[in-house]
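Chains, contacts and geometry: an overview
The lines below spell out each chain.
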Amino acid sequence: RKEVEQDPGPFNVPEGATVAFNCTYSNSASQSFFWYRQDCRKEPKLLMSVYSSGNEDGRFTAQLNRASQYISLLIRDSKLSDSATYLCVVNIYQAGTALIFGKGTTLSVSS
Amino acid sequence: DAGVIQSPRHEVTEMGQEVTLRCKPISGHDYLFWYRQTMMRGLELLIYFNNNVPIDDSGMPEDRFSAKMPNASFSTLKIQPSEPRDSAVYFCASSFSLRRPTEAFFGQGTRLTVV
């Protein structure tokens, strides 16, 4: 079983739609969680950290459920510029670990 | 700061040749990571360093791969000999301390093609 699993998509939505991505992680010792965004042929960039209480950044809302080992990202009022691959990332605070990435979910927003 | 700098941006080489990828992390960052990205496997961690010391190289696929960090401002990833299945985008990233939520900054990557 992979450490971080995501539905690869693609998710094809019209502008203005609300879309949700899910992610599960296998290591219960995971302590930090993030969503990264990667545009085509570019490097990944941090979109937002994910906190236990849930957090919001404009049109983006991230949720964490530690009991279910589940992370989500909700994008409201989708824009064309949201088209990208969204990577779920976990970090385990133990020696010998680093940021572990899911394979990503591809979003395509069309007009 | 210019960010994480990788070179070359593109590399095309023949099977059996040695390939060296280079990375300059962001000044002051104490962690450096090498990742490989392919369509099939996604973004895989190969190795990472803390204060120039390799911490975990369990992701290095085989002995043909080696990485060094001789000082805080430079790291190399070497493949010798290269094989067509090594074709991928190789990213270097750096961050300051993983013991709190923090951001890893990625370079623009080296797109390696082995023919």
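Described in the following lines is the structure provided in the data block. (Residues numbered from 1 in each chain as written. Chains lettered and ligands numbered in written order. Predicted model: local features only at pLDDT ≥ 70, side-chain atom pairs only at ≥ 80, totals over all residues. Heavy atoms only, no water.)

1. Topic: the interface of chain A and chain B
What counts is decided by this rule: What makes two residues a contact is simply this: any of their non-hydrogen atoms within 4.5 Å. When two components associate, each loses some accessible surface as probed by a 1.4 Å sphere; the sum of these losses over both components is called the buried area. Put simply, a salt bridge is a Lys or Arg side-chain nitrogen that is within 4 Å of an Asp or Glu carboxyl oxygen. The definition of a polar contact used here is a pair of N or O atoms within 3.5 Å, where within protein one atom must be able to donate a hydrogen and the other to accept one, and adjacent residues in sequence count solely through side-chain atom pairs. In this count, Pro and Cys sit with the nonpolar residues alongside Ala, Val, Leu, Ile, Met, Phe, Trp and Tyr, while Asp, Glu, Lys and Arg are called charged and the others, Gly among them, polar.
Facing 17 residues of chain A, the contacting portion of chain B comprises 24 residues. Regarding the contact of chain A and chain B, the summed buried area is about 1,800 Å², with carbon and sulfur atoms giving 55% of it. At the junction of chain A with chain B, the criterion picks out zero salt bridges. On the surface where chain A and chain B come into contact, there are four residue pairs in polar contact (both at pLDDT 80 or more). Residue composition of the side of chain A that touches chain B, grouped by class: eight nonpolar, five polar and four charged.

2. A word on the pairing of strand S4 (residues 30-38) of chain A
Residues and elements named next belong to chain A. Selection rule: Buried residues are those whose accessible area, probed at 1.4 Å on protein chains only, stays under 20% of the maximum for their type, while exposed residues exceed 50% and partly exposed ones sit between those limits. Numbering of helices and strands starts at the N terminus; helices are DSSP runs of H or I of at least 4 residues and strands are runs of E of at least 2. Strand pairing is assigned whenever DSSP identifies at least 2 bridges connecting the two strands.
Of all nine residues making up S4, eight are buried, and the element is well covered by its neighbours. Relative to strand S9 (residues 84-92), S4 is paired through eight bridges, and the arrangement is antiparallel. Residue pairing across strands places Trp35 opposite Cys88, the latter belonging to S9. Across six bridges, S4 lies against strand S5 (residues 44-50) in antiparallel orientation. Across the sheet, Arg37 pairs through a bridge with Lys45, a residue of S5. Counting the residues that bridge the hairpin from S4 to S5 gives five residues, and of these Arg41 lies at a positive phi of roughly 65°.

3. Quick look at the packing of aromatic side chains
To keep it simple, the criterion reads: Centres within 6.5 Å make a pair out of two Phe, Tyr or Trp rings, where for Trp the six-membered ring is used; the pair is then stacked when the planes are under 30 degrees apart, edge-to-face when over 60, and tilted otherwise.
Per the stated rule, a full pass over the model turns up 14 aromatic pairs over all chains. Measuring from ring centre to ring centre gives 6.5 Å for Phe34(A) and Tyr36(A), while their planes differ by 75°; the resulting arrangement is edge-to-face. As far as burial versus exposure is concerned, Phe34(A) and Tyr36(A) are alike and both buried. Each ring, one from Tyr31(B) and one from Phe33(B), has its centre 6.2 Å from the other, and the planes form 10°; the classification is stacked. Just as Tyr31(B) is buried, Phe33(B) falls in that class too. Feature note: the residues Phe34(A), Tyr36(A), Phe101(A), Tyr31(B), Phe33(B), Tyr35(B), Tyr48(B), Phe91(B) and Phe106(B) constitute an aromatic cluster, connected by ring pairs.

4. Focus on the environment of Gly109(B)
Residues and elements named next belong to chain B. With respect to the helices and strands, the residue Gly109 is situated in the loop between strand S10 (105-106) and strand S11 (110-114). As for Gly109 and Arg64, which are separated by 45 residues in sequence, their C-alpha atoms are 20 Å apart. Apart from the residues within four sequence positions on either side, Gly109 is in contact with Gln6, Pro8, Arg9, Val89, Tyr90 and Phe91.

5. Details of the state of the cysteines
For clarity, the cut-off: Throughout, disulfides are identified as pairs of cysteine sulfur atoms within 2.5 Å of each other.
Evaluated as defined, the whole model comprises two disulfides over all chains. Paired through a disulfide, Cys23(A) and Cys88(A) show a sulfur-sulfur distance of 2.0 Å. Note on the Cys23(A) and Cys88(A) pair: the S-S dihedral is about -75°, so by sign convention the disulfide is left-handed. Residue Cys23(A) is located in strand S3 (residues 19-25), and its partner Cys88(A) is located in strand S9; the two are separated by 65 residues in the primary sequence. Exposure class is identical for Cys23(A) and Cys88(A). Each is buried. There is a disulfide in this structure between Cys23(B) and Cys92(B), and the S-S distance comes to 1.9 Å. Because the sign of the S-S torsion sets the handedness, a value of about -65° for the bond joining Cys23(B) and Cys92(B) places this disulfide among the left-handed ones. With Cys23(B) in strand S3 (residues 19-24) and Cys92(B) in strand S9 (residues 88-95), this pair connects stretches of sequence that are 69 residues apart.

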